[in-house]
Amino acid sequence: MAHLLLVAPLSDSYTGRFNYGAPPAGVWRLAFYLRQHGQHVAVWDCNISPGLRLPAPSDHPGRSRAEIVAEALVAGMEADLNVRSYDWIGLSVLSDGLPLTLGLVELLRQRYPYAKLVGGNHEASVNLQDCLGRSKLDGVVMGDGEEPMLALMRGIPPSDVPGIIWRTFRPKPVRERF
């Protein structure tokens, strides 16, 4: 059985560290649905993570805040969970956290190259040029994620799942072939 880790990488201004952060209800709803259908799913919620240590905004001058927070989120996930045990990592992509999420995808791809990385939520659905063109996500779930993710977890090829846009990583052809 495949194992899925769902992550809602909220921007640091919306996590429970600096104010009352809203829980990622869509991620929790998706996890509940998949569990009800016999799937192994964990949620890493930055609002309640005991391992997350967000650096102060004044830390690391000269570096991108999104890059710094993405590193802190990965460290928090690794402190809380055995991330290596997951075959799939699903990320909720929101417009206010897009740069952070793209940085998080880059770090996850470097550390866990075997994991399938999938983006979902409204920004992933409407902003394919950034989610697939500027990141190393394997695919994007368009619209509601319950049925497409259940199909993927059950081993159905992405090309056979409605609502999935899947990237096939292939080297670019040599220019002389055109």
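Our subject is the structure listed above.
Residues numbered from 1 in each chain as written. Predicted model: local features only at pLDDT ≥ 70, side-chain atom pairs only at ≥ 80, totals over all residues. Heavy atoms only, no water.

A.B. asks: Mind showing me how you'd approach the environment of G97 here?
C.D. replies: Residue position: G97 is located in the loop between strand 3 (88–92) and helix 3 (98–111). For the pair G97 and A8, spaced 89 residues apart in sequence, the C-alpha separation works out to 9.6 Å. (Helix = DSSP H or I, 4+ residues; strand = E, 2+ residues; numbered from the N terminus.)

A.B. asks: Explanation requested: the pairing of strand 3 in the structure shown.
C.D. replies: Most of strand 3 sits inside the fold, with 5 of its 5 residues counted as buried. Neither face of strand 3 is open: one carries W88, G90 and S92, the other I89 and L91, and all of them are buried. Two strands pair when backbone bridges link them, and strand 1 (residues 3–8) and strand 3 are joined in this way by 4 bridges, in the parallel orientation. Across the sheet, the residue bridging to L5 is I89, located in strand 3. Here strand 3 pairs with strand 4 (residues 116–120) via 5 bridges, running parallel. Its bridge partner lying in strand 4, G90 is registered against V118. (Buried < 20%, exposed > 50% of the residue type's maximum accessible area, 1.4 Å probe, protein only. Pairing = 2+ DSSP bridges.)

A.B. asks: Just checking my understanding: could you explain helix 3 for this structure?
C.D. replies: Given 3.6 residues per helical turn, the α-helix brings residues three or four places apart onto the same face. Along its 14 residues, helix 3 runs 20 Å from first to last C-alpha, staying within 8% of the 20 Å computed at 1.5 Å per residue. Among all positions in helix 3, only L98, L100, T101, L102, L104, V105, L107, L108 and R109 are buried. Packed against the buried residues of helix 3 are strand 1, helix 2 (65–80), strand 3, strand 4, helix 4 (122–126) and helix 5 (128–131). (Expected span 1.5 Å × (residues − 1). Contact = heavy atoms within 4.5 Å.)

A.B. asks: How do you make sense of the pattern of salt bridges when you look at a structure like this?
C.D. replies: Where charged atoms from two side chains of opposite charge approach closely, those side chains can pair. Throughout the structure, instances matching the rule amount to 7 salt bridges. Here E71 makes a salt bridge to R63, at a shortest N to O gap of 2.7 Å. Overall, E71 belongs to the partly exposed group, its relative accessible area being 32%. Since its relative accessible area comes to 32%, R63 is described here as partly exposed. A salt bridge links R134 to D130; its shortest N-O distance comes to 3.1 Å. Three or more residues joined by partner-sharing salt bridges are found here, namely R63, E67 and E71. (Salt bridge = Lys/Arg side-chain N within 4 Å of Asp/Glu carboxyl O.)

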